[in-house]
Amino acid sequence: MDGTLFYFLGGALVLAALVISYVGIRGKGGFPANSRAMAGVLAAFGLLVAVTAAYAVANAREEQEHRNEELAEAQAEAEEGVSQGEAESDPEEGTQEGEPPPIGEQTPSAGPKAQADLTSPEDGSLEFEPNAIQTDPGRLTIVYDNPSQTPHNVAVEDEEAELLGQSETIAQAVTELSLDMVPGEYIYFCGVPGHREGGMEGTLTIE
Ligand SMILES: [Cu+2]
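Report follows, based on the coordinates. (Residues numbered from 1 in each chain as written. Predicted model: local features only at pLDDT ≥ 70, side-chain atom pairs only at ≥ 80, totals over all residues. Heavy atoms only, no water.)

### Some remarks on the pairing of strand β7 (residues 184-189)
Relative to β7, strand β4 (residues 155-157) runs antiparallel, the two being bridged by three bridges. Bridged to V156 within β7 is Y188. Bridge count for β7 against strand β8 (residues 201-206) is six bridges, and the pairing is antiparallel. Across the sheet, residue Y188 finds its bridge partner in β8, namely G202. (Pairing = 2+ DSSP bridges. Helix = DSSP H or I, 4+ residues; strand = E, 2+ residues; numbered from the N terminus.)

### Concerning the pairing of strand β5 (residues 163-166)
Sheet topology note: the β4/β5 ladder contains three bridges and is antiparallel. By the bridge assignment for β5, E157 is matched with L163. Between β4 and β5, which pair antiparallel one after the other, the connecting turn spans five residues, and A161 there sits at a positive phi close to 65 degrees.

### Considerations on the coordination of the copper ion
Protein coordination at the copper ion comes from H152 (ND1), C190 (SG) and H195 (ND1), with a distance range of 1.9 to 2.1 Å. Sequence positions of the residues that donate to the copper ion give the spacing H-x37-C-x4-H. Of the two residues, C190 and H195, both sit in the buried class. (Donors = N, O, S within 2.8 Å, 3.2 Å for Na, K, Ca; no water. Buried < 20%, exposed > 50% of the residue type's maximum accessible area, 1.4 Å probe, protein only.)

### Description of the sheet that holds β5
Strand order in the open sheet made by the five strands is β2-β8-β7-β4-β5, with mixed pairing throughout. Among the strands making up the open sheet, the edge pair consists of β2 (132-135) and β5. Going across the sheet, the axis of each strand differs from the next one's by a mean of 20 degrees, ignoring polarity. (Axes fitted to C-alpha atoms, helices over the stretch in contact; angles between N-to-C directions.)

### Quick notes on the pattern of salt bridges
Once the charged atoms of two side chains with opposite charge are near each other, the side chains can pair. Applying the stated criterion across every chain yields a total of three salt bridges. Across the pair E201 and R196 runs a salt bridge, and its minimum N-O distance is 2.9 Å. We classify R196 as partly exposed; its relative accessible area is 22%. If you follow the salt bridges from partner to partner, you end up with E157, R196 and E201 in one network. (Salt bridge = Lys/Arg side-chain N within 4 Å of Asp/Glu carboxyl O.)

### Observations concerning the packing of aromatic side chains
One pass over the structure, following the stated rule, counts two aromatic pairs. Pairing F128 with Y144 gives two aromatic rings, centres 5.3 Å apart and planes at 75 degrees, and the pair type is edge-to-face. With a gap of 16 residues between them, F128 in the loop between β1 (113-119) and β2 and Y144 in strand β3 (residues 138-146) connect regions that are remote in the sequence. F128 sits in the buried class, given a relative accessible area of 4%. (Phe/Tyr/Trp six-rings, centres within 6.5 Å; stacked < 30°, edge-to-face > 60°.)

Any link to function would need more than the numbers given here.
Spelled out as structure tokens, the structure:
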């Protein structure tokens, strides 16, 4: 429905109002006498108003429907845009994950490096083998092999009982704990509750 008819009706309405006013002003004297013509003009005027109003209501309703359609389209486009944005961002995340870690993280600390191999009995006994380690100052990597089904880890504390580090808790697996060691006496133990008290500890001497 286009607005041409609406504008035409509106124009006719204005024109009719002007004509009535003109007739009303001009025929001041004889106007009441011309009541028949006046009634006809009023009827035509009323009809115009009614048709224009009806048309305006119909037009407004159609416009509202059109607006709803546009709104729905815009919403659909927005949703599409969001899903596209997600799809585009995925490859970027992939490349970030694929990037090598910063060089600093892979560079071993300066100074001598040492490795200590540690294990526990396969039957789950609360022991470390060996129960004493002696090595040089510097970077120490404790490689702990737990062949049992009992979860264990290895933790190191200094003479003041301050925890220097603790490995992840593992069962039937191997884990590592790397620490920068300065000369002194230390204790390594299993951090699983009750295991240290059950005898799962050893002495670590750095000199
Ligand atoms: Cu343990």
